[in-house]
Amino acid sequence: MTHQTHPYHMVNPSPWPLTGAFSALLMTSGLAMWFHFNSTILLSLGMLTNLLTMYQWWRDIVREGTFQGHHTFTVQKGLRYGMILFIISEIFFFAGFFWAFYHSSLAPTPELGGCWPPTGIIPLNPLEVPLLNTAVLLASGVTITWAHHSLMEGDRMSMLQSLLITIMLGIYFTLLQASEYLETPFTISDGVYGSTFFMATGFHGLHVIIGSTFLTICFFRQLNFHFTSSHHFGFEAAAWYWHFVDVVWLFLYVSIYWWGS
Amino acid sequence: MLRNLLGLRQIAQRTISTASRRHFENKVPEKQKLFQEDDGIPVHLKGGVADAILYRLTMVLTVGGKAFRMFEGTAYAIYQLAVASFPKKQD
């Protein structure tokens, strides 16, 4: 039997990169079919295959790390780099939307009335639900830190409790934001104000949902004893992502909700 | 009396932790044994029959979807060309 003499992980051949690429093709062309030809079958197929790919690919990573022991310290270092670089790419993604917002709001055109918010736009009161949302996410940052420390100290029950609270706060944020969306007096088609508002907050909301999902997966993994007090990178990655989502909201709140009103 | 109370608390805690242990036993060692078997099966199929079914389903949907998209896309492209070839008469 051969043994590797290096600390790296030589993965088994896997079909998921291929199915992932195909699902991306199906989703993008599905979007085009929906926009222009009123057909949703391709988009639905794309989203389904995307979900299947993500589930199986990440399931395999859990198997490789937790069950097969491939995640040596060196491999973990690589995973850390990967997650950090991914979050940096997401920061650049949001930077684009913030750029668009500041471009339009710092020098409002005569067509908008030369002012920001533009004439006719009634912005949301930043001291109402948006402020509550800020408190909710900040609190969730505290509870996730509590969860991490519990995990490192081997306190299983506390970790589960605090992680559950974190997830519930994330869901609460999403529900509050959804109700705000229904209440806004303006829509996405209401000029550049509407566009920048809903693109920035909309993508943020999507990231909250993604983060909450990631945390929920961590919750079930903790229930099933996957994490140890010294090796729990999946949880750390979820926590980093969650803090990132929180920070983006703070920028959104200060820029769009507060300064932009 | 305080010692009795403390004792009661300890028993209650122990009962609760036993109950939770019944619901969630640590099955990781079993999984580790299953996935470390030297049978040459790649990790995406190593879990059993369910893995193979899910894999086949995913492949059928993606490749089938691609074929469908190419068919649909080609069909639409030809349709658009046909429409463009016969301009509507202006009244």
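For chain B, an unreviewed UniProt entry supplies the name Cytochrome c oxidase subunit 7A2, mitochondrial and the organism Microcebus murinus. Under the Subcellular location (unreviewed entry) heading, UniProt states for chain B: "Mitochondrion inner membrane". Quoted verbatim from the Pathway (unreviewed entry) heading of the UniProt record, the comment on chain B is "Energy metabolism; oxidative phosphorylation."

An unreviewed UniProt entry annotates chain A as Cytochrome c oxidase subunit 3 of Microcebus murinus. UniProt, in the comment section headed Catalytic activity (unreviewed entry), describes chain A in these words: "4 Fe(II)-[cytochrome c] + O2 + 8 H(+)(in) = 4 Fe(III)-[cytochrome c] + 2 H2O + 4 H(+)(out)". Here is the UniProt Sequence similarities (unreviewed entry) comment for chain A, exactly as written: "Belongs to the cytochrome c oxidase subunit 3 family."

Before going further, it helps to spend a moment on the overall build of chain A. Of regular secondary structure, chain A possesses seven helices and zero strands. Listing every helix and strand of chain A by position from the N terminus yields α-α-α-α-α-α-α. For chain A, the C-alpha atoms occupy an extent of roughly 75 × 45 × 30 Å along the three principal directions. Taken across its 261 residues, chain A has 44% of its residues classed as buried. Summarising the internal contacts of chain A: among those between residues at least 6 apart in sequence, 73% fall at separations of at least 24. Within the structure as shown, chain A displays about 13,700 Å² of accessible surface, and the carbon and sulfur contribution to it stands at 72%.

Residues and elements named next belong to chain A. Put simply, helix H5 (residues 156-183) and helix H6 (residues 191-223) touch, their axes get as near as 10 Å, and they point 155 degrees apart. Regarding the angle of H5 to H6, the classification is roughly antiparallel. Here H5 runs over H6; the crossing is left-handed. For the contact of H5 with H6, the residue count by class is 15 nonpolar, ten polar and one charged.

Turning our eyes to something else, we now look at the nonpolar core. Residues and elements named next belong to chain A. With 48 residues, the main nonpolar core has Leu163 and Phe235 as its most contacted residues. Of all the secondary structure elements, the ones that give two or more residues to this core are helix H3 (73-106), helix H4 (129-152), H5, H6 and helix H7 (233-259). Counting residues per element, this core draws most heavily on H7, at 15 residues. Counting residues in hydrophobic clusters, the runner-up holds six residues, among them Leu26, Leu42, Leu45 and Leu52.

With 38 residues of chain A at the contact, the number on the chain B side is 31 residues. Taking both sides of the interface into account, the surface hidden between chain A and chain B amounts to around 2,900 Å²; carbon and sulfur atoms contribute 73%. Considering only the side of chain A, the residues that lose the most area to chain B are Arg63, Phe67 and Phe225 of chain A, jointly responsible for 20% of the buried surface there. Linking chain A with chain B are two salt bridges. Summed over the shared surface of chain A and chain B, the number is nine residue pairs in polar contact (both at pLDDT 80 or more). Only helix H1 (16-37), helix H2 (41-67) and H5 of chain A provide two or more residues apiece to the side of chain A that touches chain B.

Looking now at the UniProt feature "domain: Heme-copper oxidase subunit III family profile" (unreviewed entry) in chain A. Within this structure's numbering, the places UniProt gives as "domain: Heme-copper oxidase subunit III family profile" (unreviewed entry) are residues 4-261 of chain A. The annotated region residues 4-261 of chain A carries 76% helix and 0% strand content, and the separation between its end C-alpha atoms amounts to 61 Å.

The rules behind these values
- Residues numbered from 1 in each chain as written.
- Chains lettered and ligands numbered in written order.
- Predicted model: local features only at pLDDT ≥ 70, side-chain atom pairs only at ≥ 80, totals over all residues.
- Heavy atoms only, no water.
- UniProt positions renumbered as here; feature names shortened; annotations may be inferred.
- Helix = DSSP H or I, 4+ residues; strand = E, 2+ residues; numbered from the N terminus.
- Buried < 20%, exposed > 50% of the residue type's maximum accessible area, 1.4 Å probe, protein only.
- Contact = heavy atoms within 4.5 Å.
- Areas by Shrake-Rupley, 256 points an atom, 1.4 Å probe, with all protein chains shown as cover.
- Axes fitted to C-alpha atoms, helices over the stretch in contact; angles between N-to-C directions.
- Parallel < 35°, antiparallel > 145°, perpendicular 65-115°, else oblique.
- Left-handed = near helix turned anticlockwise from the far one by under 90°.
- Nonpolar A, V, L, I, M, F, W, Y, C, P; charged D, E, K, R; others polar.
- Core = buried A, V, L, I, M, F, W, Y, C linked by side-chain atoms within 4.5 Å.
- Buried area = accessible area lost by both parts, 1.4 Å probe.
- Salt bridge = Lys/Arg side-chain N within 4 Å of Asp/Glu carboxyl O.
- Polar contact = N/O pair within 3.5 Å; in protein donor to acceptor, adjacent residues only side chain to side chain.

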